[in-house]
Amino acid sequence: MSIDLIYIIDILPPLLKAMLVTLRIAISGYLLAFILGLLIAMIRVSGNVFLSRLLLMFTEFIRLTPILVQLFFFYYVLPEVGIKLPAEPTGIIVLGLHYSTFTAEVFRSGILAIPKGQWEVSNTLCLPFYIKWFKIILPQSIRPMIPALGNYLIQLFKEVPLLSTITVYELLNTANLIAGETFRYFEVLSIVAILFFLISYPSAIFFRNLESKN
């Protein structure tokens, strides 16, 4: 098996462009999962039984059904009822929604680990919502959450190729199109593997350093 360096140089620009698409989708989806997960967790520990049970059923349904089914539903079914979004935003929403059900459990477990006395003092002093949550509860609970939250970001990078099924030209889809023209899968897929490593590894380092500082 020979390796054609000229061919590798020729295909690098479109693959690097597609890598940026993968990076954009993964980070956007993760930010959405982070925000939604935090909101879900805060509502579930708020003491509102009705909302808590409603969100529990919602998160369990989303978490226990495949991302691929959700992608197809959002992209192919919703347009039939008048809700049509481009492929990339659809992918971001589905990935963010799906992973929010996992980050919600991470946030919830971290919040519930806070000593009961912290909650009682906060409630006794009638502290404002922002002070109670963002100055007392969340800063204390963040450290145990960091490894799991970091793992979900890395895992999300690897889920982006599923978006090729709804015509998103991310890294793997672009690589398959290029390889299909020349049948040189070894070079193309080797570069794809390296590029996925290059975008995932810094995330692992970032969360590892973040964990050591907290």
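Reference entry: report on the structure contained in this document. (Residues numbered from 1 in each chain as written. Predicted model: local features only at pLDDT ≥ 70, side-chain atom pairs only at ≥ 80, totals over all residues. Heavy atoms only, no water.)

So, about the side chain of Thr-174. Of note, Thr-174 is situated in helix H7 (residues 171-182). Given a relative accessible area of 12%, Thr-174 falls into the buried group. A distance of 3.4 Å separates a polar side-chain atom of Thr-174 from the backbone oxygen of Tyr-169. (Helix = DSSP H or I, 4+ residues; strand = E, 2+ residues; numbered from the N terminus. Buried < 20%, exposed > 50% of the residue type's maximum accessible area, 1.4 Å probe, protein only. Polar contact = N/O pair within 3.5 Å; in protein donor to acceptor, adjacent residues only side chain to side chain.)

Here we take up the environment of Gln-70. Position of Gln-70 relative to the elements: it lies in helix H3 (residues 67-77). Its relative accessible area of 9% is what places Gln-70 among the buried residues. For Gln-70, the side chain forms a polar contact with the main-chain oxygen of Ile-62, separated by 2.8 Å. Here the side chain of Gln-70 touches His-98 through a polar contact of 3.2 Å, side chain to side chain.

Let us look at the packing of aromatic side chains. Taken as a whole and judged by the stated rule, the model has 11 aromatic pairs. Considering the side-chain rings of Phe-73 and Phe-74, the 6.3 Å spacing of their centres and the 70° angle between planes classify their relative orientation as edge-to-face. Each ring, one from Tyr-99 and one from Tyr-152, has its centre 6.1 Å from the other, and the planes form 70°; the classification is edge-to-face. Of this pair, Tyr-99 sits in helix H4 (residues 87-112) while Tyr-152 is found in helix H6 (residues 129-159), placing the two residues 53 residues apart along the sequence. (Phe/Tyr/Trp six-rings, centres within 6.5 Å; stacked < 30°, edge-to-face > 60°.)

Further remarks concern the packing of helix H1 (residues 5-44) against helix H8 (residues 185-213). Each pair of packed helices can be summarised by the angle the axes make with each other and by the distance between the axes. It is the contact of H1 with H8, at a shortest axis distance of 10 Å, that shows an interaxial angle of 40°. Like other packed secondary-structure pairs, H1 and H8 cross with a definite hand, here right-handed. On H8, the residues touching Tyr-7, Ile-8, Ile-11, Leu-12, Leu-15, Leu-16, Met-19, Thr-22, Leu-23 and Tyr-30 of H1 are Glu-187, Val-188, Ile-191, Leu-195, Phe-196, Ile-199 and Phe-207. Looking at the contact of H1 with H8, its residues break down into 15 nonpolar, one polar and one charged. (Axes fitted to C-alpha atoms, helices over the stretch in contact; angles between N-to-C directions. Left-handed = near helix turned anticlockwise from the far one by under 90°. Contact = heavy atoms within 4.5 Å. Nonpolar A, V, L, I, M, F, W, Y, C, P; charged D, E, K, R; others polar.)

The end-to-end C-alpha separation of H8 is 42 Å, in line with the 42 Å expected for 29 residues at 1.5 Å each. Where H8 is concerned, the buried positions are Glu-187, Val-188, Ile-191, Val-192, Leu-195, Phe-196, Ile-199, Ser-200, Ser-203, Ala-204 and Phe-207. Packed against the buried residues of H8 are H1, H6 and H7. (Expected span 1.5 Å × (residues − 1).)

Here we come to the environment of Gly-47. Among the secondary structure elements, Gly-47 is positioned in the loop between H1 and helix H2 (49-63). In this structure Gly-47 comes out as exposed when scored by relative accessible area, which is 61%. The sequence separation of Gly-47 and Phe-157 amounts to 110 residues, and the corresponding C-alpha distance is 35 Å.

Read these as spatial facts, not as claims about activity.
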